[in-house]
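Each chain, written out:
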Amino acid sequence: IPIWEDYLADEKELEKQFYDFITKKINDISKPSLNQYIKSINRWCRFRGFELKFKKYREYSKPRRIPTTEDIQRFLRIIKNKMLRTAVYLLINSGLRASELSNLNLDDIDWENGILTVRGKGGKIRFVPLPRRVLLGKNVPSLLNYIKYHRLNTDKKALFTTKKGRLTPAYLRKLIKDAARDAGIPWIHTHSLRHYYA
């Protein structure tokens, strides 16, 4: 809590003092910092049993930057690692999160019906239909091509593997970030691919 004249003052006086304090600070601090002060004083008011509650300064987030099809094609062209190419291709055609992709197992693929079983946030299970080209395509980084010719058998269950075992979400994010930088589109990250799919 910021220190001003008397934060042990009664409710009306505390309100006046806080507004005076914010008026002096508003041009000198960032909006997130301003909101930290407001959160602190609101907690203090609750502790004191006051009805007083200050509204947070409304922050406007920047609009999301969503990759275009040209961005995605450029991105895929730069990726030489077959596992990563397949992972990215799956991400842009399914909208999976990094953790969901990392958790995929070989037996999560229903080849006959073209369905992927996905374990999402909070352990929720959902079924994601996949285009035939993503499953079985011959001229794209399909799951079938990847499993037959490029998957490392360092983890018996995991769909996506590295030399050390199952692909982790953190390593996937790093690989995507590095590839995006190499492609000259450093603002692309794992979640951008989810936005592209949406």
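Look up a bit, the structure's there.
Each value, and the rule that gives it
- Residues numbered from 1 in each chain as written.
- Predicted model: local features only at pLDDT ≥ 70, side-chain atom pairs only at ≥ 80, totals over all residues.
- Heavy atoms only, no water.
- Core = buried A, V, L, I, M, F, W, Y, C linked by side-chain atoms within 4.5 Å.
- Buried < 20%, exposed > 50% of the residue type's maximum accessible area, 1.4 Å probe, protein only.
- Helix = DSSP H or I, 4+ residues; strand = E, 2+ residues; numbered from the N terminus.
- Axes fitted to C-alpha atoms, helices over the stretch in contact; angles between N-to-C directions.
- Parallel < 35°, antiparallel > 145°, perpendicular 65-115°, else oblique.
- Contact = heavy atoms within 4.5 Å.
- Nonpolar A, V, L, I, M, F, W, Y, C, P; charged D, E, K, R; others polar.
- Phe/Tyr/Trp six-rings, centres within 6.5 Å; stacked < 30°, edge-to-face > 60°.
- Pairing = 2+ DSSP bridges.

**Looking at the nonpolar core**
Then, number 1: Counting 37 residues, the largest nonpolar core has Phe75, Leu90 and Phe160 as the members making the most contacts within it.
Then, number 2: At the level of secondary structure, the elements contributing two or more residues to this core comprise helix H3 (69-78), helix H4 (82-94), helix H5 (98-102), strand E2 (115-119), helix H6 (132-136), helix H7 (143-150) and helix H8 (169-182).
Then, number 3: The leading source of residues in this core is H4, at 8 residues.
Then, number 4: Among the nonpolar cores identified, the runner-up in size contains 13 residues, and Leu14, Phe21, Leu34 and Ile38 belong to it.

**Points about the packing of H4 against helix H9 (residues 190-197)**
Then, number 1: Taken N-terminus to C-terminus, the directions of H4 and H9 make an angle of 40 degrees; their axes are 6 Å apart at the nearest point. The pairing of H4 with H9 is recorded here as oblique in orientation. Taken together, the residues of H9 that come into contact with H4 (itself represented by Val88, Leu91, Ile92, Asn93 and Ser94) are Thr190, Leu193, Tyr196 and Tyr197.
Then, number 2: A per-class count over the contact of H4 with H9 returns 6 nonpolar, 3 polar and no charged.

**Description of the packing of aromatic side chains**
Then, number 1: One pass over the structure, following the stated rule, counts 6 aromatic pairs.
Then, number 2: With centroids separated by 5.2 Å and ring planes inclined at 80 degrees, the aromatic side chains of Phe21 and Tyr37 adopt a geometry described as edge-to-face. Here Tyr37 lies in helix H2 (residues 31-48) and Phe21 lies in helix H1 (residues 11-25), a separation of 16 residues in the sequence.
Then, number 3: An aromatic cluster of three or more residues is present, and its members are Phe18, Tyr19, Phe21, Tyr37 and Phe54.

**Describing the pairing of E2**
Then, number 1: Residues Leu116 and Val118 line the buried face of E2, whereas the alternating positions Ile115, Thr117 and Arg119 sit on a face that is not buried.
Then, number 2: When strand E1 (residues 109-110) meets E2, the two strands line up antiparallel, connected through 2 bridges. Bridge pairing links Ile109 to Leu116 in E2.
Then, number 3: As defined by bridge partners, E2 adjoins strand E3 (residues 125-129) across 5 bridges and the pair is classed as antiparallel. By the bridge assignment, Leu116 is partnered in E3 with Val128.
Then, number 4: Between the antiparallel neighbours E2 and E3 lie 5 residues, among them Gly122 with a positive phi of about 70 degrees.

**Quick look at the sheet that holds E2**
Then, number 1: Pairing is antiparallel across the open sheet formed by 3 strands, whose spatial order is E1-E2-E3. At either end of the open sheet lies a strand with only one pairing partner, and these are E1 and E3.

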